[in-house]
Amino acid sequence: MHITSDIRYIGVNDHNIDLFEGQYIVPNGMAYNSYVIMDDKIAVMDTVDAAFTHEWLDNLQNALGGRKPDYLIVQHMEPDHSANIMQFVKAYPDAKIVSSVKAFAMMKNFFGTDFAERQVVVGEGSVLELGKHTLHFVAAPMVHWPEVIVTYDSTDRVLFSADGFGKFGALDVDEDWACEARRYYIGIVGKYGAQVQALLKKAAGLDIQIICPLHGPVLKENLGYYLNLYNIWSGYQPEEDGIVIAYTSVYGNTKKAVMQLAEKLRANGCPKVVVNDLARCDMAEAVEDAFRYSKLVLATTTYNAEIFPFMREFINHLTERNFSNRTVAFIENGSWAPLAAKVMKSMLEKSRNLKYAENTVRILSALNEESTAQLNALADELTMEYLAVRSDNTNTNDPSALFRIGYGLYVVTSNDGKRDNGLIVNTVTQVTNTPNRVAVTINKENYSHHVIKQTGKMNINCLTTDAPFAVFEKFGFQSGRNTDKFAECEPLRSGNGLVVLPRHINAFLSLKVVQYVDLDTHGMFICEVTEARTISNDETMTYTYYQDHVKPKPETEGKKGFVCKICGYVHEGDTLPEDFICPLCKHGAADFEPIQ
């Protein structure tokens, strides 16, 4: 396989493996990827698993066409990628090995030698010239081992990403990328989200056209889709709106309650309800679901004054992977001394930013009138936002929704007739209450201003303090004229047909423009409120809270250059070009300031 005119694929497919890393079921096998860059000097990118030594050496020999490699670049020392280093050395005794200091120390452990006479040690910022190809090395410690480096070929604009952007499954099997990549990431890399975020920031400054991982397919198209998913996963944010119920049941009574809850959640409008029997399902799939969706219900029995073993295992999997930023609810069952909810909550103390449901269901052996009422109350609590936008909900003029307005941050949604749009604003004010009038001020340069002036309608989504920085990146750092901000989700809609954010809001207002005031650089829309609904009691996001707790602090220590006031991106150097565009938020040089 030719990746580019000079880069060739020499990896192998493994259909003999049943468990990857001794625990992950891989029904469609695995791919162990390796590449060779043909230039004045030839570089081989990693080896493959020991079970495929001869197949890999044959692939390499065929790609070389009689030439000999100059370098073996070792990005990662896990044996499924490094097992054939010694065989490579025997086959090509004149080649040098390029890797990190820590990788060479690991080679000593694996092979009894660190190949001192062949070493080319590289680290952050190191460069290797092959001829017309220039390789730039980027340190990626703990993604997901400490020795990892990734490699950027600036000529063909290819990122060799080590285990990053990999997935389960051999390359000769056609399957959805996201499903198996998500299970792979959460299971294997999930603990190291902060390190992945750091690597993504480095990657943001590179012009990447192709990603070559060590597992899974080469990625050439729609790279923004893959990068966005990695940003969500490594930021421990929900990928989709939905509720996962993970349960264990000894005699079927807890299962009966779970099935009743699932039915109620669907009836209340929840877009996705996933139910996992932890004693029978693939545990890795259940963990994947918990990280994929926004809410989690844990239902189990009290067992030996503890909880059922499969539930304990499941929660351990969550906490060791930094399960965060979710809503969690509990259903406990016990015939004489129910303790399960208390035990589960104590196990989750290791997790951050979890919001617990106010309602907990306590079952004494089997559902009765009291526990059934608790179950219904929990269902209504978990689906409050879906019930709030249902057309049969009669409370569509809730004045308390207006109390959510402060000097806060809001997402204004609109539609230009072809697609939905969204914009971050902090200029929403209630100006009268008889009748209710709201003023919204928007910069004329924003596409939303143009759309709302044409259509005369908008929705105001009142953001809460759990809104992650990704919300501000999506709605504040790019224009809706050339970006579909809702392309990767199925949003909720209010009565006027416009989008309502499914998460991170506590109220929304549907507005109809009745007057426009020209304020030179901005336009003020005076609007009547056509619909107002309260979603939750969560605290409203203020501008101060955003600055203090949400917006990333720029990493400027020891650096000389300029920092973006919008997103914190650092451009190092003595000067900043007048036409410079921030690679993260796309703002120009006027929004940068010198590092002090």
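What counts and what doesn't
Chains are numbered independently. Their residues run from 1 in the order of the written sequence. At least 70 in pLDDT is required for a residue's local features to be given in this predicted model, at least 80 for side-chain atom pairs to be given and counted, and no such filter applies to totals for whole chains, interfaces and linings, which use all residues. Side-chain metrics rest on all non-hydrogen atoms present in the structure, leaving aside hydrogens and water. Helix axes use the C-alpha atoms of the stretch in contact, all axes being lines fitted to C-alpha atoms, and the angles between their N-to-C directions lie in the range 0 to 180 degrees. Starting at the N terminus, helices and strands are each numbered in turn, a helix being any DSSP run of H or I of at least four residues and a strand any DSSP run of E of at least two. Note that the term roughly parallel is reserved for angles under 35 degrees, roughly antiparallel for angles over 145, roughly perpendicular for angles of 65 to 115, and oblique for everything else. Whether two residues touch is decided by their heavy atoms; if any such pair falls within 4.5 Å, the residues are in contact. Here a Phe, Tyr or Trp ring, Trp counted by its six-membered ring, pairs with any other such ring whose centre lies within 6.5 Å, and the pair is stacked when the planes are under 30 degrees apart, edge-to-face when over 60, and tilted otherwise. The classification of residues rests on relative accessible area computed with a 1.4 Å probe and restricted to protein chains. Under 20% of the type maximum is buried, over 50% is exposed, and intermediate values are partly exposed. Criterion for a charge above a ring: Arg CZ or Lys NZ at most 6 Å from the ring centre, at most 35 degrees from the ring normal. Here, strands pair whenever DSSP counts at least two bridges between them.

All right, on to the packing of helix α5 (residues 177-189) against helix α9 (residues 283-292) then. Two elements in contact, α5 and α9, have axes separated by 9 Å at closest approach and are oriented at 95°. By the angle between their axes, α5 is roughly perpendicular relative to α9. Counted together, C179, E180, R182, R183 and I186 of α5 and A284, E285, V287, E288, F291 and R292 of α9 form the full contact between these two elements.

Here the focus is the packing of aromatic side chains. Any pair of aromatic rings gets described here by the distance separating the centres and the angle formed by the planes. Per the stated rule, a full pass over the model turns up 28 aromatic pairs. Between F110 and F111, the ring centres sit 6.1 Å apart and the planes meet at 45°, which makes this aromatic pair tilted. The class of F111 is partly exposed, set by a relative accessible area of 22%. Consider the rings of F308 and F310, whose centres lie 6.1 Å apart with planes at 40°: the pair is tilted. By relative accessible area, which is 33% here, F310 ends up partly exposed. Above the ring of Y356, the side-chain terminus of K345 is found at 4.6 Å from the ring centroid.

Now for the sheet that holds strand β30 (residues 505-519). Taken together, the 7 strands give an open sheet; going across it, the order is β24-β23-β27-β30-β31-β26-β25, and neighbouring strands pair in antiparallel fashion. Either end of the sheet is taken by a strand with one partner, and the two such strands are β24 (420-425) and β25 (428-433). Each strand axis lies, on average, 35° off the axis of its neighbour in the sheet, ignoring direction. As defined by bridge partners, β25 adjoins strand β26 (residues 436-443) across 5 bridges and the pair is classed as antiparallel. Bridge assignment links N433 to a residue of β26, and that residue is N436. Helix α14 (residues 447-455) rests against β23 (410-415), β24, β26, β27 (457-463), β30 and β31 (522-534) of the sheet, and its axis sits at about 55° to β23. Taken strand by strand, helix α15 (residues 469-476) contacts β23, β24 and β27, and its axis lies near 115° from that of β24.

Most of strand β18 (residues 293-303) sits inside the fold, with 9 of its 11 residues counted as buried. With 6 bridges joining them, strand β16 (residues 240-247) and β18 adopt parallel strand pairing. In the sheet register, E240 faces β18, and the bridge partner there is Y293. In the sheet, β18 pairs with strand β19 (residues 306-307) via 2 bridges, with the strands oriented antiparallel.

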